[in-house]
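Results of the structural survey
What follows is each chain in one-letter form.
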Amino acid sequence: MSSSVLTLILAGGEGERLSILSQVRAKPGVPFGGKYRIIDFALSNTVNSGLTDVGILTQYAPRSLIDHIGVGRPWDLDRSRGGAALLQPFIGRGRARDWYRGTADAVLQNIDFITDRSPELVLVLAGDHVYKMDYRPFIELHREKQAELTCAVRRVPIEEAHRFGIMDVADDGRVTDFIEKPVKPPSNLVSMGVYVFGWPALREALGSDRVDFGRHVLPWMVERGRSVFGYEFGGYWQDVGTVESYWRTSLDLLTDEPGIELNDLGWLIYTKSEERPPARIGPAATISRSMISHGCVIDGTVEHSVLSPGVRVAAGATVRDSIVMFDAVIEADVVLDRAILDKECRIGAGARIGVGSDLRPNRDEPERLYAGITLVGKKARVPGGVEIGRNCRIDPGVTERDFGRRRRIRSGETVSAAAARATS
(Lines give C-alpha, C1' and ligand atoms only; values in the text may rest on other atoms or scores of the structure.)
Protein backbone atom coordinates (compact mmCIF):
# COMPACT_ATOMS: atom_id res chain seq x y z
CA MET A 1 0.00 0.00 0.00
CA SER A 2 2.74 2.46 0.97
CA SER A 3 4.24 2.79 -2.52
CA SER A 4 0.88 3.88 -3.96
CA VAL A 5 -0.10 6.29 -1.19
CA LEU A 6 1.57 9.64 -0.57
CA THR A 7 0.92 11.19 2.86
CA LEU A 8 0.92 14.97 3.27
CA ILE A 9 0.93 16.35 6.82
CA LEU A 10 -0.17 19.98 7.13
CA ALA A 11 2.11 21.36 9.84
CA GLY A 12 2.32 25.07 9.09
CA GLY A 13 -0.47 26.35 11.32
CA GLU A 14 0.09 29.42 13.47
CA GLY A 15 -2.37 28.21 16.11
CA GLU A 16 -3.30 31.64 17.47
CA ARG A 17 -5.85 30.17 19.90
CA LEU A 18 -2.97 28.59 21.83
CA SER A 19 -1.80 32.08 22.75
CA ILE A 20 1.90 32.32 23.67
CA LEU A 21 2.36 28.53 23.49
CA SER A 22 2.47 28.87 19.69
CA GLN A 23 4.09 32.30 19.60
CA VAL A 24 7.58 30.83 19.24
CA ARG A 25 6.73 27.63 17.32
CA ALA A 26 4.20 26.15 14.92
CA LYS A 27 1.19 24.58 16.62
CA PRO A 28 2.17 20.99 15.63
CA GLY A 29 5.52 21.58 17.36
CA VAL A 30 4.00 22.37 20.77
CA PRO A 31 5.14 19.86 23.42
CA PHE A 32 2.46 17.42 24.59
CA GLY A 33 2.29 14.52 27.00
CA GLY A 34 5.66 15.17 28.57
CA LYS A 35 8.21 14.04 25.97
CA TYR A 36 6.18 14.33 22.75
CA ARG A 37 5.20 17.04 20.27
CA ILE A 38 1.67 17.24 18.84
CA ILE A 39 2.83 16.27 15.34
CA ASP A 40 4.21 12.97 16.69
CA PHE A 41 0.69 11.51 16.65
CA ALA A 42 0.07 12.07 12.92
CA LEU A 43 3.60 10.91 12.08
CA SER A 44 3.35 7.79 14.24
CA ASN A 45 -0.11 6.92 12.89
CA THR A 46 1.34 7.16 9.39
CA VAL A 47 4.29 4.81 9.91
CA ASN A 48 2.25 2.43 12.09
CA SER A 49 -0.17 2.19 9.15
CA GLY A 50 2.66 1.11 6.87
CA LEU A 51 2.90 4.42 5.00
CA THR A 52 6.46 5.60 4.46
CA ASP A 53 6.30 8.27 1.74
CA VAL A 54 5.57 11.47 3.69
CA GLY A 55 5.66 15.18 2.88
CA ILE A 56 5.48 17.57 5.85
CA LEU A 57 4.29 21.06 4.89
CA THR A 58 5.71 23.69 7.24
CA GLN A 59 5.38 27.45 7.26
CA TYR A 60 4.91 29.42 10.48
CA ALA A 61 7.91 29.53 12.90
CA PRO A 62 9.24 26.21 11.56
CA ARG A 63 12.66 26.08 13.24
CA SER A 64 11.76 23.94 16.25
CA LEU A 65 9.60 21.65 14.09
CA ILE A 66 12.40 21.17 11.55
CA ASP A 67 14.86 20.45 14.35
CA HIS A 68 12.42 17.96 15.88
CA ILE A 69 11.73 16.02 12.67
CA GLY A 70 15.19 16.21 11.12
CA VAL A 71 15.52 13.45 8.54
CA GLY A 72 12.73 11.44 10.17
CA ARG A 73 14.91 8.90 11.95
CA PRO A 74 12.72 8.44 15.09
CA TRP A 75 9.85 7.36 12.80
CA ASP A 76 12.06 5.19 10.54
CA LEU A 77 11.57 7.70 7.74
CA ASP A 78 15.25 8.34 6.99
CA ARG A 79 15.11 6.41 3.72
CA SER A 80 16.77 6.74 0.32
CA ARG A 81 13.40 6.09 -1.37
CA GLY A 82 10.32 7.75 0.09
CA GLY A 83 10.80 8.74 3.71
CA ALA A 84 10.18 12.20 5.16
CA ALA A 85 10.45 15.41 3.11
CA LEU A 86 10.08 18.83 4.74
CA LEU A 87 8.32 21.21 2.35
CA GLN A 88 8.34 24.97 2.91
CA PRO A 89 6.88 27.89 0.93
CA PHE A 90 9.27 29.33 -1.62
CA ILE A 91 9.45 31.81 -4.46
CA GLY A 92 11.17 30.48 -7.57
CA ARG A 93 12.14 32.10 -10.84
CA GLY A 94 9.03 32.93 -12.82
CA ARG A 95 6.75 31.98 -9.93
CA ALA A 96 4.49 34.46 -8.16
CA ARG A 97 3.95 32.19 -5.16
CA ASP A 98 3.95 33.46 -1.61
CA TRP A 99 3.03 32.13 1.83
CA TYR A 100 0.43 29.38 1.92
CA ARG A 101 -3.00 31.00 1.91
CA GLY A 102 -4.75 27.92 3.29
CA THR A 103 -4.57 24.15 3.57
CA ALA A 104 -5.44 23.45 -0.07
CA ASP A 105 -3.17 26.21 -1.33
CA ALA A 106 -0.32 24.62 0.62
CA VAL A 107 -0.88 21.39 -1.29
CA LEU A 108 -1.25 23.25 -4.59
CA GLN A 109 2.09 24.99 -4.09
CA ASN A 110 3.70 21.56 -3.72
CA ILE A 111 1.97 19.97 -6.70
CA ASP A 112 5.31 19.30 -8.40
CA PHE A 113 6.36 17.21 -5.41
CA ILE A 114 3.17 15.14 -5.72
CA THR A 115 3.50 14.82 -9.49
CA ASP A 116 7.05 13.51 -9.13
CA ARG A 117 5.75 10.78 -6.80
CA SER A 118 2.82 9.94 -9.14
CA PRO A 119 0.76 8.31 -6.37
CA GLU A 120 -2.51 6.47 -6.73
CA LEU A 121 -3.89 8.14 -3.59
CA VAL A 122 -2.98 11.18 -1.49
CA LEU A 123 -3.65 11.03 2.26
CA VAL A 124 -3.93 14.55 3.73
CA LEU A 125 -3.59 14.93 7.50
CA ALA A 126 -3.68 17.79 9.97
CA GLY A 127 -0.52 17.85 12.05
CA ASP A 128 -2.12 19.29 15.18
CA HIS A 129 -4.53 16.61 16.46
CA VAL A 130 -4.03 14.04 19.21
CA TYR A 131 -5.33 10.58 18.25
CA LYS A 132 -4.41 7.06 17.24
CA MET A 133 -5.77 5.88 13.91
CA ASP A 134 -4.93 3.02 11.60
CA TYR A 135 -5.38 4.59 8.16
CA ARG A 136 -5.51 1.24 6.34
CA PRO A 137 -9.26 0.53 6.81
CA PHE A 138 -9.95 4.15 5.90
CA ILE A 139 -8.01 3.80 2.67
CA GLU A 140 -9.61 0.43 1.90
CA LEU A 141 -13.10 1.92 2.24
CA HIS A 142 -12.07 4.65 -0.19
CA ARG A 143 -11.05 2.00 -2.71
CA GLU A 144 -14.14 -0.13 -2.15
CA LYS A 145 -16.42 2.85 -2.79
CA GLN A 146 -14.31 3.92 -5.77
CA ALA A 147 -14.46 7.35 -4.19
CA GLU A 148 -12.75 10.49 -5.36
CA LEU A 149 -12.57 11.80 -1.80
CA THR A 150 -13.17 10.13 1.54
CA CYS A 151 -13.32 12.19 4.74
CA ALA A 152 -12.81 10.84 8.25
CA VAL A 153 -15.68 11.99 10.46
CA ARG A 154 -16.62 11.57 14.10
CA ARG A 155 -19.17 12.81 16.60
CA VAL A 156 -18.31 15.50 19.14
CA PRO A 157 -20.35 17.18 21.91
CA ILE A 158 -22.84 19.46 20.19
CA GLU A 159 -21.59 22.47 22.15
CA GLU A 160 -18.17 22.05 20.49
CA ALA A 161 -19.43 21.36 16.97
CA HIS A 162 -19.26 25.01 15.88
CA ARG A 163 -15.45 24.72 15.84
CA PHE A 164 -15.56 22.15 13.02
CA GLY A 165 -16.95 21.47 9.57
CA ILE A 166 -20.30 19.67 9.77
CA MET A 167 -21.04 16.68 7.52
CA ASP A 168 -24.37 15.29 6.35
CA VAL A 169 -23.83 11.64 5.41
CA ALA A 170 -26.41 9.39 3.73
CA ASP A 171 -27.05 5.77 4.73
CA ASP A 172 -24.63 4.53 2.05
CA GLY A 173 -21.89 6.77 3.41
CA ARG A 174 -22.05 9.38 0.66
CA VAL A 175 -21.54 12.98 1.86
CA THR A 176 -24.56 15.02 0.78
CA ASP A 177 -23.79 18.34 2.46
CA PHE A 178 -20.92 20.11 4.20
CA ILE A 179 -20.95 23.33 6.23
CA GLU A 180 -17.70 24.82 7.51
CA LYS A 181 -17.86 25.97 11.18
CA PRO A 182 -21.50 27.10 11.36
CA VAL A 183 -22.60 29.32 14.25
CA LYS A 184 -25.52 26.96 14.94
CA PRO A 185 -24.45 23.45 13.89
CA PRO A 186 -27.29 21.28 12.56
CA SER A 187 -25.56 18.11 13.84
CA ASN A 188 -22.51 16.94 15.75
CA LEU A 189 -20.93 14.84 12.96
CA VAL A 190 -17.74 16.71 12.14
CA SER A 191 -14.83 16.46 9.75
CA MET A 192 -11.57 15.39 11.40
CA GLY A 193 -9.40 17.10 8.79
CA VAL A 194 -8.25 13.66 7.59
CA TYR A 195 -8.79 13.06 3.87
CA VAL A 196 -7.84 10.53 1.23
CA PHE A 197 -8.07 11.73 -2.38
CA GLY A 198 -7.64 9.95 -5.63
CA TRP A 199 -4.72 11.81 -7.17
CA PRO A 200 -6.58 12.80 -10.40
CA ALA A 201 -9.51 14.13 -8.33
CA LEU A 202 -7.22 16.12 -6.05
CA ARG A 203 -5.33 17.59 -8.98
CA GLU A 204 -8.61 18.73 -10.52
CA ALA A 205 -10.00 20.12 -7.25
CA LEU A 206 -6.99 22.29 -6.47
CA GLY A 207 -7.19 25.81 -7.85
CA SER A 208 -6.07 29.35 -7.12
CA ASP A 209 -9.57 30.28 -5.89
CA ARG A 210 -9.95 27.19 -3.69
CA VAL A 211 -7.38 27.81 -0.98
CA ASP A 212 -8.81 25.77 1.90
CA PHE A 213 -10.06 22.19 2.03
CA GLY A 214 -12.88 22.89 4.48
CA ARG A 215 -14.10 26.20 3.09
CA HIS A 216 -13.61 25.55 -0.60
CA VAL A 217 -12.52 22.12 -1.86
CA LEU A 218 -15.04 19.95 0.04
CA PRO A 219 -18.07 22.14 -0.76
CA TRP A 220 -16.91 22.40 -4.39
CA MET A 221 -16.78 18.61 -4.75
CA VAL A 222 -20.04 17.95 -2.87
CA GLU A 223 -21.98 20.62 -4.80
CA ARG A 224 -20.88 19.05 -8.08
CA GLY A 225 -22.04 15.61 -7.06
CA ARG A 226 -18.56 14.13 -7.02
CA SER A 227 -17.97 10.80 -5.31
CA VAL A 228 -17.37 11.98 -1.72
CA PHE A 229 -17.78 9.55 1.17
CA GLY A 230 -17.52 9.69 4.95
CA TYR A 231 -15.64 7.21 7.14
CA GLU A 232 -16.86 7.35 10.74
CA PHE A 233 -14.01 6.99 13.21
CA GLY A 234 -15.01 5.77 16.65
CA GLY A 235 -11.70 6.14 18.47
CA TYR A 236 -10.27 8.90 20.62
CA TRP A 237 -9.52 12.15 18.79
CA GLN A 238 -8.89 15.64 20.10
CA ASP A 239 -8.23 18.93 18.40
CA VAL A 240 -5.99 20.65 20.96
CA GLY A 241 -6.39 24.02 19.30
CA THR A 242 -7.33 26.05 22.38
CA VAL A 243 -5.56 26.58 25.69
CA GLU A 244 -8.40 24.88 27.57
CA SER A 245 -8.55 21.84 25.25
CA TYR A 246 -4.75 21.51 25.32
CA TRP A 247 -4.73 21.60 29.14
CA ARG A 248 -7.72 19.25 29.49
CA THR A 249 -6.44 16.73 26.93
CA SER A 250 -3.01 16.70 28.58
CA LEU A 251 -4.43 15.95 32.02
CA ASP A 252 -6.80 13.34 30.56
CA LEU A 253 -3.66 11.23 30.09
CA LEU A 254 -3.60 10.81 33.89
CA THR A 255 -6.99 9.10 34.24
CA ASP A 256 -7.32 5.39 35.04
CA GLU A 257 -8.50 4.73 31.49
CA PRO A 258 -7.10 7.51 29.30
CA GLY A 259 -8.64 8.02 25.88
CA ILE A 260 -5.21 7.59 24.32
CA GLU A 261 -2.93 5.02 25.93
CA LEU A 262 0.71 5.98 25.55
CA ASN A 263 1.81 2.65 27.06
CA ASP A 264 0.29 0.66 24.17
CA LEU A 265 3.27 -1.29 22.82
CA GLY A 266 1.25 -2.35 19.81
CA TRP A 267 0.88 1.24 18.59
CA LEU A 268 3.82 3.26 19.82
CA ILE A 269 3.97 7.02 19.54
CA TYR A 270 7.48 7.79 18.32
CA THR A 271 9.37 11.01 18.99
CA LYS A 272 12.80 12.56 18.98
CA SER A 273 14.11 11.68 22.41
CA GLU A 274 17.19 13.27 23.94
CA GLU A 275 19.67 11.31 26.00
CA ARG A 276 18.97 12.25 29.62
CA PRO A 277 19.41 10.46 32.93
CA PRO A 278 16.48 8.73 34.61
CA ALA A 279 14.14 10.85 36.70
CA ARG A 280 15.34 11.29 40.27
CA ILE A 281 12.89 11.45 43.16
CA GLY A 282 14.14 12.92 46.44
CA PRO A 283 13.48 11.43 49.91
CA ALA A 284 10.86 14.04 50.85
CA ALA A 285 9.14 14.17 47.44
CA THR A 286 5.47 13.29 46.98
CA ILE A 287 4.05 12.40 43.56
CA SER A 288 0.47 11.39 42.77
CA ARG A 289 -1.35 10.73 39.48
CA SER A 290 1.29 12.43 37.36
CA MET A 291 3.61 11.85 34.40
CA ILE A 292 7.28 12.48 35.20
CA SER A 293 9.66 12.40 32.23
CA HIS A 294 13.31 11.40 32.15
CA GLY A 295 15.81 13.93 33.43
CA CYS A 296 13.42 15.38 36.02
CA VAL A 297 14.58 16.01 39.57
CA ILE A 298 11.72 16.08 42.07
CA ASP A 299 12.25 17.10 45.68
CA GLY A 300 8.83 18.69 46.23
CA THR A 301 5.19 17.72 45.62
CA VAL A 302 3.66 16.98 42.20
CA GLU A 303 -0.09 16.30 41.99
CA HIS A 304 -2.09 15.55 38.85
CA SER A 305 0.44 17.15 36.52
CA VAL A 306 2.51 16.43 33.42
CA LEU A 307 6.23 17.19 33.51
CA SER A 308 8.48 17.19 30.45
CA PRO A 309 12.13 16.10 30.50
CA GLY A 310 14.56 18.06 32.65
CA VAL A 311 12.04 19.76 34.96
CA ARG A 312 13.27 20.51 38.49
CA VAL A 313 10.90 20.88 41.43
CA ALA A 314 12.69 22.03 44.60
CA ALA A 315 11.90 21.01 48.17
CA GLY A 316 8.76 22.64 49.56
CA ALA A 317 7.34 23.43 46.11
CA THR A 318 3.92 22.16 44.99
CA VAL A 319 2.88 21.59 41.37
CA ARG A 320 -0.83 20.87 41.01
CA ASP A 321 -3.09 20.43 37.95
CA SER A 322 -0.35 21.84 35.76
CA ILE A 323 1.75 21.21 32.66
CA VAL A 324 5.46 22.00 32.92
CA MET A 325 7.59 21.81 29.78
CA PHE A 326 11.24 20.99 29.16
CA ASP A 327 13.93 22.21 31.59
CA ALA A 328 11.71 24.51 33.64
CA VAL A 329 12.99 25.20 37.17
CA ILE A 330 10.57 25.57 40.09
CA GLU A 331 12.39 26.81 43.15
CA ALA A 332 11.69 26.18 46.84
CA ASP A 333 8.22 26.82 48.29
CA VAL A 334 6.62 27.74 44.95
CA VAL A 335 2.92 26.87 44.52
CA LEU A 336 1.82 26.21 40.95
CA ASP A 337 -1.92 25.57 40.45
CA ARG A 338 -3.72 25.11 37.11
CA ALA A 339 -0.88 26.58 35.08
CA ILE A 340 1.09 25.85 31.91
CA LEU A 341 4.80 26.64 31.95
CA ASP A 342 6.67 26.69 28.66
CA LYS A 343 10.26 25.53 28.20
CA GLU A 344 13.15 26.83 30.29
CA CYS A 345 11.09 28.97 32.67
CA ARG A 346 12.38 29.74 36.14
CA ILE A 347 9.95 30.40 38.98
CA GLY A 348 11.61 32.13 41.94
CA ALA A 349 11.38 30.83 45.50
CA GLY A 350 8.08 31.41 47.25
CA ALA A 351 6.19 32.56 44.14
CA ARG A 352 2.55 31.49 43.76
CA ILE A 353 1.01 31.04 40.33
CA GLY A 354 -2.72 30.41 39.97
CA VAL A 355 -3.95 32.17 43.10
CA GLY A 356 -7.55 32.75 44.16
CA SER A 357 -11.01 32.14 42.72
CA ASP A 358 -11.27 35.24 40.52
CA LEU A 359 -11.84 33.91 37.00
CA ARG A 360 -12.03 37.16 35.09
CA PRO A 361 -10.77 36.55 31.50
CA ASN A 362 -7.42 37.86 30.40
CA ARG A 363 -7.78 41.49 29.35
CA ASP A 364 -5.64 41.02 26.22
CA GLU A 365 -6.96 37.60 25.17
CA PRO A 366 -10.40 37.12 26.74
CA GLU A 367 -11.41 34.60 24.07
CA ARG A 368 -8.34 32.43 24.76
CA LEU A 369 -7.65 32.72 28.49
CA TYR A 370 -10.91 32.37 30.39
CA ALA A 371 -10.85 28.90 32.04
CA GLY A 372 -8.68 29.78 35.03
CA ILE A 373 -5.43 28.63 33.40
CA THR A 374 -2.36 30.85 33.71
CA LEU A 375 0.37 30.74 31.04
CA VAL A 376 4.07 31.38 31.55
CA GLY A 377 5.97 31.81 28.29
CA LYS A 378 9.22 30.27 27.13
CA LYS A 379 12.32 31.33 29.10
CA ALA A 380 10.30 33.65 31.36
CA ARG A 381 11.75 34.50 34.77
CA VAL A 382 9.27 35.02 37.58
CA PRO A 383 10.74 36.68 40.68
CA GLY A 384 10.48 35.06 44.08
CA GLY A 385 7.56 35.93 46.31
CA VAL A 386 5.26 37.16 43.51
CA GLU A 387 1.57 36.16 43.52
CA ILE A 388 -0.04 35.62 40.12
CA GLY A 389 -3.79 35.10 39.73
CA ARG A 390 -5.91 33.14 37.24
CA ASN A 391 -6.05 33.65 33.45
CA CYS A 392 -2.80 35.58 33.56
CA ARG A 393 -0.25 35.65 30.76
CA ILE A 394 3.44 35.98 31.49
CA ASP A 395 5.03 36.55 28.10
CA PRO A 396 8.06 34.70 26.69
CA GLY A 397 11.40 36.15 27.73
CA VAL A 398 10.02 38.21 30.61
CA THR A 399 12.61 38.82 33.34
CA GLU A 400 12.39 39.82 37.00
CA ARG A 401 12.79 43.50 36.15
CA ASP A 402 9.66 43.44 33.94
CA PHE A 403 7.64 42.93 37.12
CA GLY A 404 9.11 46.09 38.61
CA ARG A 405 7.91 46.49 42.19
CA ARG A 406 4.72 44.55 41.60
CA ARG A 407 4.36 41.72 44.07
CA ARG A 408 0.86 40.78 42.95
CA ILE A 409 -0.45 40.19 39.43
CA ARG A 410 -4.23 40.17 39.54
CA SER A 411 -6.33 37.66 37.62
CA GLY A 412 -6.66 38.49 33.94
CA GLU A 413 -3.50 40.62 33.76
CA THR A 414 -0.53 40.28 31.39
CA VAL A 415 3.16 40.84 32.09
CA SER A 416 5.12 41.71 28.94
CA ALA A 417 8.76 42.45 28.30
CA ALA A 418 9.69 46.14 28.46
CA ALA A 419 9.09 47.83 25.10
CA ALA A 420 12.72 48.90 24.84
CA ARG A 421 13.92 45.31 25.11
CA ALA A 422 11.14 43.90 22.96
CA THR A 423 12.26 46.01 20.01
CA SER A 424 16.00 45.61 20.49
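Bear in mind that the values here come from a model prediction, so they are computed numbers and not experimental data. (Residues numbered from 1 in each chain as written. Predicted model: local features only at pLDDT ≥ 70, side-chain atom pairs only at ≥ 80, totals over all residues. Heavy atoms only, no water.)

Topologically, T318 is positioned in strand β21 (residues 318–320). Taking relative accessible area as the criterion, T318 reaches 14% and is therefore assigned buried. Discounting chain neighbours no more than four positions away, the residues touching T318 are T301, V334, V335 and L336. (Helix = DSSP H or I, 4+ residues; strand = E, 2+ residues; numbered from the N terminus. Buried < 20%, exposed > 50% of the residue type's maximum accessible area, 1.4 Å probe, protein only. Contact = heavy atoms within 4.5 Å.)

Turning our eyes to something else, we now look at helix α5 (residues 135–144). Given 3.6 residues to a turn, an α-helix orients residues that are three or four positions apart in the same direction. Within α5, burial applies to Y135, F138, I139, L141 and H142. Buried residues of α5, seen end-on, are gathered within an arc of 155 degrees and therefore sit on one face of the element. (Arc of directions from axis to C-beta.)

Counted according to the given criterion, the structure contains 8 aromatic pairs. Ring centres 6.1 Å apart and planes at 70 degrees place the aromatic pair F32 and Y246 in the edge-to-face group. One end of the pair, F32, is in strand β2 (residues 31–32); the other, Y246, is in helix α8 (residues 243–252), and 214 residues separate them in sequence. Considered together, F32 and Y246 belong to a single accessibility category, that of buried residues. Taking the centre distance of 5.6 Å and the plane angle of 55 degrees together, the rings of F164 and W237 count as tilted. Taken as a pair, F164 in the loop between β8 (149–155) and β9 (165–169) and W237 in strand β13 (residues 237–239) lie far apart in primary sequence, 73 residues in all. Here W237 falls in the buried class, since its relative accessible area comes to 4%. Chaining the aromatic ring pairs together yields one cluster made of F32, Y36, F41 and Y246. The ring of W220 carries the charged tip of R210 above its face, separated from the ring centre by 4.2 Å. K343 extends its terminal NZ or CZ atom over the ring of F326, reaching a point 5.5 Å from the ring centre. (Phe/Tyr/Trp six-rings, centres within 6.5 Å; stacked < 30°, edge-to-face > 60°. Lys NZ or Arg CZ within 6 Å of the ring centre and 35° of its normal.)

This part is about the nonpolar core. With 37 residues, the main nonpolar core has V107, F197, F213 and M221 as its most contacted residues. Among the elements that line this core, the one with the most residues is helix α7 (residues 213–223), at 6 residues. With residues near it in sequence (within four places) discarded, V107 still touches L8, L10, L57, I114, L202, L206 and F213. Counting 36 residues, the second-largest nonpolar core is a separate cluster that includes I9, V156, I166 and V196. (Core = buried A, V, L, I, M, F, W, Y, C linked by side-chain atoms within 4.5 Å.)

Mapped onto the fold, A205 is located in helix α6 (residues 199–205). The spacing of A205 and R63 is 142 residues in sequence and 31 Å in space, taken between C-alpha atoms. When neighbours within four sequence positions are excluded, A205 is seen to be in contact with R210, V217, W220 and M221.

Before going further, it helps to spend a moment on the pairing of strand β5 (residues 83–87). Where strand β4 (residues 53–57) and β5 come together, 5 bridges link them in parallel fashion. Note on β5: the bridge partner recorded for I56 is L86. A crossover connection joins β4 to the parallel β5 through helix α2 (residues 63–69); in handedness this β-α-β unit is right-handed. (Pairing = 2+ DSSP bridges. Right-handed = clockwise from strand over helix to strand, strands pointing away.)

So, on to the sheet that holds β21. Sheet architecture is open: 7 strands sit in the order β15-β18-β21-β24-β27-β30-β32, paired in parallel fashion. What marks the edges here is a single partner per strand, and that holds for β15 (286–288) and β32 (408–409). Pairing of β15 with strand β18 (residues 301–303) involves 3 bridges; the strand directions are parallel. Paired with I287 across the two strands is V302, which belongs to β18.

Our next topic: the environment of K35. Secondary-structure assignment places K35 in the loop between β2 and β3 (36–37). Exposure remark for K35: the relative accessible area of 30% places this residue in the partly exposed category. In the structure, K35 is positioned 70 residues away from D105 in sequence and 32 Å away in space, judged by C-alpha atoms. Those residues in contact with K35 that sit more than four places away from it in its chain are T271, S273, S293, H294, P309 and F326.

The buried count for helix α1 (residues 39–48) comes to 10 of 10 residues, which makes it a mostly enclosed element. Residues I39, D40, F41, A42, L43, S44, N45, T46, V47 and N48 constitute the buried set of α1. Directly beyond the C-terminal end of α1, a positive phi value near 80 degrees is found at G50.

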